[in-house]
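Close look at the chain arrangement
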Amino acid sequence: MKAYHDVHIHNYLSSCSNDSGATVERYIEGARQLGLKLMGFANHTWDESIPFPAPSGFYSRQSMAFQMQIKAQIPQDVPGIKVLVGAETEYCGMYDVLGMGKEAAEQLDFLLISHTHVHMRGFVMPANPDFAVARRALAERLSTAEGITPEYAALLASKAPEDSLEPFMPAERFDFVGFTADFMVKSLRSLLENETLNSYADRLPVSVAHPFQPVNFGKLRHAMLERISSNTFGELFETVAARGIGLEINPHTGNDDDFRMFSIAKECGCKFTLGSDMHTRAEAPDIFKTEVLTARLGLTEYDLMDFVRV
Ligand SMILES: [Zn+2]
Ligand SMILES: [Zn+2]
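Okay, so let's go over this structure.

**Description of the overall build of the protein chain**
Within the protein chain one finds 12 helices and eight strands. What you see for the protein chain is a C-alpha radius of gyration of 21 Å, in line with the 19 Å of a compact globule of 310 residues. With the C-alpha coordinates of the protein chain rotated into their principal frame, the extents come out at 70 × 45 × 35 Å. Within the protein chain, buried positions represent 37% of all 310 residues. Considering only contacts within the protein chain whose residues lie at least 6 apart along the sequence, 81% involve residues at least 24 apart.

Structural data, given as structure tokens:
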């Protein structure tokens, strides 16, 4: 299926965009050149009327008031392409808190919800307990150095990046892959029951951003998806379909794991959206990478959510 829309676009208003030229106008021009007929901005947004369940540096600035300034940036008349304003918000599965309330949602054309930003440890998903053990071991080692107090050693250890902790990890490892697989299943299930979402999901198009694609998981993703049975996917996706919620297909979904998962979703009657998740203008053509999976799944425009059909 040819991609004619992209509804997962971050411009410079998202903190993780490092392209200061990622303006609305340039994106619109780029999308038009690519032949897209519909585009949707979905900057990272936390509705400030929802208290944070835990401190979040990432979302402190990215409020509705901040992100909705994009509306004034979109030209009144954009010939040849439809431009929507949505948001990508957070579902903090470990607290069952959704970062978008009903009143704020009413200002949007659509909403993407992520349940897989698992790199936000302690905000979205609990941290791997092995890292706490490793940090204690590192702090102990550091405190043996002259002039370093135990407090300072603990501070240094707390800031050490996870991939530098390998020598201090415990011999017996926590099953973090299995834990993450379980967490994702549970978090999607509890999202579908979430009261905040239920208060507006029948009125606003909602799609799950990058389902079961844990951020920063790299090659472990395959092992993680293998832990989730087809029955479990089926049970989840039947509910997703019944609730009229969509699932996003993005440029990184092309392998056999994705094929298994999305085939089940299709069988369950789920509808889909396409999104590049681009943060810079250079990534705009990536939306066409979704055609690999949509062709393999045999999707047609009838498998798309209504709001992205053009
Ligand atoms: Zn995301
Ligand atoms: Zn995104």
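Moving on from the coordinates now.
**Section: unusual backbone geometry**
One non-glycine residue, Asp-96, lies in the positive phi region at around 55 degrees. We classify Asp-96 as partly exposed; it has 16 C-beta atoms within 10 Å. The phi dihedral of His-210 is positive, around 30 degrees, even though this residue is not glycine. Positionally, His-210 belongs in the loop between strand 6 (206–209) and helix 9 (220–226).

**A few points about the pairing of strand 3 (residues 82–92)**
As paired strands, strand 2 (residues 38–44) and strand 3 are joined by seven bridges and run parallel to one another. Residue pairing across strands places His-44 opposite Glu-88, the latter belonging to strand 3. Relative to strand 5 (residues 110–114), strand 3 runs parallel, the two being bridged by five bridges. Bridge pairing in strand 5 places Ala-87 opposite Leu-111. Pairing geometry for strand 3 and strand 4 (residues 97–98), over two bridges, is antiparallel. Along strand 4, the bridge assignment pairs Cys-92 with Val-97. From the end of strand 3 to the start of strand 4, which pair antiparallel, there are four residues, and Asp-96 there has a positive phi angle of about 55 degrees.

**A few points about the nonpolar core**
Counting 64 residues, the largest nonpolar core has Leu-111, Ile-113 and Phe-272 as its most contacted members. Contact partners of Ile-113, with chain neighbours within four places excluded, come to Thr-89, Tyr-91, Leu-98, Leu-191, Val-206, Val-208 and Ala-209.

Rules used throughout
- Residues numbered from 1 in each chain as written.
- Chains lettered and ligands numbered in written order.
- Predicted model: local features only at pLDDT ≥ 70, side-chain atom pairs only at ≥ 80, totals over all residues.
- Helix = DSSP H or I, 4+ residues; strand = E, 2+ residues; numbered from the N terminus.
- Rg over C-alpha atoms; globule rule 2.2 N^0.38 Å.
- Buried ≥ 20, exposed ≤ 12 C-beta atoms within 10 Å, placed from the backbone.
- Contact = placed C-beta atoms within 7 Å.
- Pairing = 2+ DSSP bridges.
- Core = buried A, V, L, I, M, F, W, Y, C linked by C-beta atoms within 7 Å.

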